[in-house]
Each structure stands twice: as structure tokens, then as C-alpha cells.
Amino acid sequence: MRRAREACREGVREVRVRRTRVPRGARGIRKNGRRVDLEKEPVLVLVTMQHACARLIREGVDLALREGRPVKVLHVVNPDAAPIGEPAINAQALDYLYALSGEAGAEMCVLTSNVPVTAIANYAADCGARHVIMGGGGQACGIAETLSQLLPGVRVMILERE
């Protein structure tokens, strides 16, 4: 969280965070009969304001459960970028992703930044992410390559649409 706070001072503003409540002193929790060790490095899932990103959250949860890791979901908004789509639909999609994250026991964070890739890298480094899962798209390869350079030792995976 410290690096996220530093990023906030540098122009990145944290908008909203949903955290999973864990009893004090609890080292792990059970999800679907499997133990999730909250002290392990999490799986970070990157989403945009689309209902289709639900598949990314599901894949991230599946990977996390296999490895006994927690899941974090991140959306970064560039305030300088032109809005894409209808604002009401985008808000509905983001609410849907929040609900899905909550059902999966994942923390979801929405950040605003003029340089989204840097904000993603800072957040991933701050939370100690071991894996980053993102969707495919026009800029996905470039973003994944940049993240791989900024986050050595972190596996960045692009999941193409089916």
C-alpha cells in the first residue's frame, strides 16, 4: 500500500477499494474447499469497463485457487483519454465487475492515472503480485511487454477472446 500512496502523491488517485474482510490473526481462508494463503503473492487481474472482463476474473480466481493465492482486480482510468462507450453502461459494467470480484473474495481497486502502465506496475509491485492476467486487444502485447520489463519475475499472461 505504501507505493500506492506514493503514486497518489505523484498524480495517481485511488478511487475506490473493496477489501475482503479477514479475521485478525488469520493467515489463510478457505475458498471452495481450498485454502488461500493471504500472505502469498496475489494474482493480479487487469480489467476494463466491459462485462466481457468477467472471464479474466474467473481465470484469475481459477489460477489463484490452484496455487492457494489471493486475487486482486485492478482497473486504471486515464482521465485524459476520450471516454469510450456510454457512461451509464460503463458504470453498470464496473458495478458488475465489483460484484463478481466480491463474490470471488477478491479485492478490487480502481485508480486514475495519466500513465496507466506505470500505475499498474506500481500497484503490482506494491502488492507483490506473482502473476498478472490481462485481456487481449490492440495494445495488449505492448502493455504486456512493458509490464514484463518493469516487473521482472512476474508472469504476465494475455488471455485472448474465445
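The structure displayed is predicted, hence computed values, not measured ones.

K.L.:
Any chance you could break down the packing of helix α4 (residues 116–127) against helix α5 (residues 140–150) for me, citing the residues and the numbers?
P.N.:
One can describe the packing of α4 onto α5 by two numbers: an axis separation of 10 Å at closest approach and a directional angle of 45°. Between α4 and α5, the crossing angle belongs to the class labelled oblique. For the pair α4 and α5, the sense of crossing is right-handed. The residues of α5 that touch α4, namely those facing Val117, Ile120 and Ala121, are Ile143, Thr146, Leu147 and Leu150. Considering only residue class, the contact of α4 with α5 consists of six nonpolar, one polar and no charged.

K.L.:
Could you give an account of the nonpolar core, with specific residues and numbers?
P.N.:
By size, the foremost hydrophobic cluster in this structure holds 22 residues, and its most contacted members are Val45, Val47, Ile57, Val71, Val73, Met108 and Ile133. Put simply, the parts of the chain that give this core at least two residues each are β4 (43–46), α2 (54–67), β5 (71–77), α3 (87–103) and β6 (107–112). Among the nonpolar cores identified, the runner-up in size contains 21 residues, and Ala124, Cys127, Met134 and Val154 belong to it.

K.L.:
Now, about the environment of Ala140: what can you tell me, with residues and values included?
P.N.:
By the element assignment, Ala140 lies in helix α5. C-alpha of Ala140 to C-alpha of Glu160: the two residues are 20 residues apart in sequence and 9.5 Å apart in space. If sequence neighbours within four positions are ignored, Ala140 has contacts with Met134, Gly135 and Ile158.

K.L.:
Break down the pattern of salt bridges for me, with residues and values.
P.N.:
Scanning all chains against the criterion turns up four salt bridges. The salt bridge involving Arg130 is made with Glu41; its shortest N-O contact spans 3.3 Å. With Arg130 in the loop between α4 and β7 (131–135) and Glu41 in the loop between β3 (34–37) and β4, this pair connects stretches of sequence that are 89 residues apart. Given the relative accessible area of 31%, Glu41 is considered partly exposed. One salt bridge in this structure joins Lys72 and Glu107, with 3.4 Å as the shortest N-O distance. You can see Lys72 sitting in strand β5 and its partner Glu107 sitting in strand β6, a full 35 residues away along the chain. Looking at Lys72, the relative accessible area reads 17%, which means it is buried. Taken together, the shared-partner salt bridges connect Glu41, Glu67, Arg69 and Arg130 into one network.

K.L.:
Please provide a residue-by-residue account of the layout of surface pockets, values included.
P.N.:
In this structure, the largest pocket occupies an estimated 1,200 Å³ of space. Residue lining of the largest pocket: 40 residues in total, with Val47, Thr48, Met49, His75 and Val76 positioned closest to the centre. Secondary structure elements with two or more residues in the lining of the largest pocket: α2, β5, α3, α4, β7 and α5. Ranked by the residues each element gives to the lining of the largest pocket, the list is headed by α3, at six residues. A breakdown of the residues in the lining of the largest pocket according to their chemical character gives 26 nonpolar, 12 polar and two charged.

K.L.:
Account for α5, with residues named and values stated.
P.N.:
Every buried residue belonging to α5 is among Ala140, Ala144 and Leu147, and all of these are buried. Buried residues of α5, seen end-on, are gathered within an arc of 65° and therefore sit on one face of the element. Residues of α5 that are exposed and angled more than 90 degrees away from the buried face: Cys141, Glu145 and Gln149. The elements touched by buried residues of α5 are β4, α4, β7 and β8 (155–159).

Reading guide: rules and limits
- Counting starts from 1 at the beginning of each chain's written sequence and moves along it residue by residue.
- In keeping with the predicted nature of the model, local features appear solely for residues at pLDDT of at least 70, side-chain atom pairs appear and are counted solely at 80 or more, and the whole-chain, interface and lining totals rest on all residues.
- Excluded from the side-chain calculation are hydrogens and water; included are all heavy atoms of the structure.
- Orientation is described by lines fitted to C-alpha atoms, with helices fitted over the stretch in contact, and by angles between N-to-C directions that extend from 0 to 180 degrees.
- Strands are runs of DSSP state E lasting at least two residues, helices are runs of H or I lasting at least four, and both sets are numbered from the N terminus onward.
- The scheme is simple: roughly parallel for angles under 35 degrees, roughly antiparallel for over 145, roughly perpendicular for 65 to 115, oblique for anything else.
- Throughout, a crossing is termed right-handed when the near helix is turned clockwise from the far one, and left-handed when it is turned anticlockwise from it by less than a right angle.
- Contact definition: two residues touch when any of their heavy atoms are within 4.5 Å.
- Residues are sorted three ways: Asp, Glu, Lys and Arg are charged, Ala, Val, Leu, Ile, Met, Phe, Trp, Tyr, Cys and Pro are nonpolar, and all the rest, Gly among them, are polar.
- We define the nonpolar core as a collection of buried residues of types Ala, Val, Leu, Ile, Met, Phe, Trp, Tyr and Cys that are connected through side-chain atoms lying within 4.5 Å of one another.
- Only protein chains enter the accessibility calculation, which uses a 1.4 Å probe; a residue is then buried when its area is under 20% of its type maximum, exposed when over 50%, and partly exposed in between.
- What makes a salt bridge here is a side-chain nitrogen of Lys or Arg within 4 Å of a carboxyl oxygen of Asp or Glu, nothing more.
- Cavity and pocket criteria rest on a 1 Å grid covering protein atoms alone: a 1.4 Å probe that fits but cannot get out defines a cavity, protein on both sides within 12 Å along at least 5 of 7 lines defines an open pocket, and an atom within 4 Å of a point defines a lining residue.
- Grid points are joined across faces, edges and corners, and a volume is the space filled by probe spheres set on the points.
- Relevant arc is that of directions from the helix axis to the C-beta atoms, nothing else.

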